[in-house]
Amino acid sequence: MADHQARSGGDERPSGIPAIRWEEPPEGPVLVLLDQTRLPAEEVELVCTDASALVEAIRSLAVRGAPLLGIAGAYGVALAAARGFDVSEAARSIEEARPTAVNLSVGVRRARAAHEAELARGGDPAAAAAAALTAARTLHRQDAEASARMAAHGLALLDELLPGGGHRILTHCNTGALVSGGEGTAFAVALAAHRVGRLRRLWVDETRPLLQGARLTAYEAARNGMAYTLLTDNAAGSLFAAGEVDAVLIGADRIAADGSVANKVGSYPLAVLARHHGVPFIVVAPLTTIDPDTLDGASIEVEQRPGFEVTEVVAPQAQVTGPGGGIPVAPLGTQAYNPAFDVTPPELVTAIVTEEGAVTPVSGEALAGVCKRAREAAAG
Ligand SMILES: CSC[C@H]1O[C@H](OP(=O)(O)O)[C@H](O)[C@@H]1O
């Protein structure tokens, strides 16, 4: 069950954006999510009391972004355990909510493993629920720490690749505090550059069809006082041609063992443009996004989303979750192709920045050590 409530309380985050929090009111534990489908028009929180509410929030992108999906998945397992629901069924339904971001599975499995280990040790259901919550809180904290370290490593790489000061960075989708336990992945690098006076411009792709760039990245950039400009996705090429882009910074939803990168649809064309124009294409992602068990890009399942997201335009506050609720921008009955992600091959990726540092050039061999530690990170 889920309930919407107007945002209350202070800003818990450095960038002032609450994305997720666990609360224990007298009537029982809840998972509180900032409903990202309502931004930037409204800051509304979604209060989830069971796994089915969280699954719907994940599927509607009320909560989204690979690292945050992992954190939400872990808390979802803890919520089911704390409220006496079937933990195995809850874990399965949450893990299946969206297929591409490996972090979701990592988070769910870490909390479930902690729950099962406590039961195996003879712990009672309350102790097992507490163990799942501890695992979720640990993942939340670790992600915040990873975000800060990626920001530092990413800024150091930008300064190395682009000597001479102000960086003009193009980013795609949303990779800030709204996808993270901290201040994000790629956006956190741009924010770090801003804070030391080395962000000359943040070019923000609107990111059709769900407009994560226009609605969320612009929202975060404005809150942080950054110099940013919004553009339509199809205008990016002319920016490169005009020599206005010094680097591309994006996040990731799953990085295969060979260095193939699944990210929001539109990332691959940016990688091709970056290569053609000699611009660094940098992927920023924590170890929990690297999947050693997916060998290559062809093995990554790319989520296909409903066509109405393309054929209709929906106002952020409209809360539309099905066809017919938006404003048609195509004739009734139009078929639409709507992959949520695409895959960039490793040869087009200049560097992958994790909390451990930058891997460049990118190859399966170069990632071998990172994959080993990613496996350890997945185990918690
Ligand atoms: C750095 S994780 C954010 C990542 O997730 C976004 O996808 P979605 O908005 O569908 O959850 C996009 O791929 C971002 O790069």
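Residues numbered from 1 in each chain as written. Predicted model: local features only at pLDDT ≥ 70, side-chain atom pairs only at ≥ 80, totals over all residues. Heavy atoms only, no water.

Enquirer: Got a sec to walk through the sheet that holds strand β6 (residues 199-205)? Specific residues and values, please.
Expert: Taking strand neighbours across the sheet as the criterion, the 7 strands line up as β7-β6-β5-β8-β11-β16-β17 in an open arrangement whose pairing is mixed. This sheet does not close on itself; its edge strands, each paired only once, are β7 (228-231) and β17 (357-359). Sheet twist, expressed as the average angle between the axes of neighbouring strands with direction ignored, equals 25°. As paired strands, strand β8 (residues 247-250) and strand β11 (residues 281-284) are joined by 3 bridges and run parallel to one another. (Pairing = 2+ DSSP bridges. Helix = DSSP H or I, 4+ residues; strand = E, 2+ residues; numbered from the N terminus. Axes fitted to C-alpha atoms, helices over the stretch in contact; angles between N-to-C directions.)

Enquirer: Explain the environment of Thr-175 to me, using residue names and the numbers behind them.
Expert: Considering the arrangement of structural elements, one finds Thr-175 in the loop between β5 (167-171) and α6 (186-195). The buried category is assigned to Thr-175, whose relative accessible area is 6%. Taking the C-alpha atoms as reference points, Thr-175 and Thr-217, separated by 42 residues in sequence, lie 7.4 Å from one another. What Thr-175 contacts, discounting residues up to four positions off in sequence, is Glu-183, Gly-184, Thr-185, Ala-186, Phe-187, Ala-188, Thr-217 and Gly-251. At 2.8 Å, the side chain of Thr-175 and the backbone nitrogen of Phe-187 are in polar contact. (Buried < 20%, exposed > 50% of the residue type's maximum accessible area, 1.4 Å probe, protein only. Contact = heavy atoms within 4.5 Å. Polar contact = N/O pair within 3.5 Å; in protein donor to acceptor, adjacent residues only side chain to side chain.)

Enquirer: Explain the pairing of strand β4 (residues 44-48) residue by residue, including any values.
Expert: Burial within β4 is extensive, with 5 of its 5 residues counted as buried. Alignment of strand β3 (residues 30-34) against β4, held across 4 bridges, turns out to be antiparallel. If you follow Leu-31 over to β4, its bridge partner there is Cys-48.

Enquirer: Describe the environment of Ile-327, naming the residues involved and giving the relevant values.
Expert: Its place among the elements puts Ile-327 in strand β14 (residues 327-328). On the accessibility criterion, Ile-327 (59% relative accessible area) is exposed. Once the C-alpha coordinates of Ile-327 and Val-314 are considered, the two residues, 13 residues apart in sequence, prove to be 6.4 Å apart. Discounting chain neighbours no more than four positions away, the residues touching Ile-327 are Thr-311, Glu-312 and Val-313.

Enquirer: Explain the packing of helix α2 (residues 66-82) against helix α3 (residues 87-95) to me, using residue names and the numbers behind them.
Expert: Across the interface, α2 lies against α3 with an axial gap of 9 Å and an inter-helix angle of 155°. Taken together, the axes of α2 and α3 lie roughly antiparallel to each other. Remark: the crossing between α2 and α3 carries right-handed chirality. For the pair α2 and α3, contact is made by Gly-73, Gly-76, Val-77, Ala-80 and Ala-81 and by Val-87, Ala-90, Ala-91 and Ile-94, respectively. (Parallel < 35°, antiparallel > 145°, perpendicular 65-115°, else oblique. Left-handed = near helix turned anticlockwise from the far one by under 90°.)

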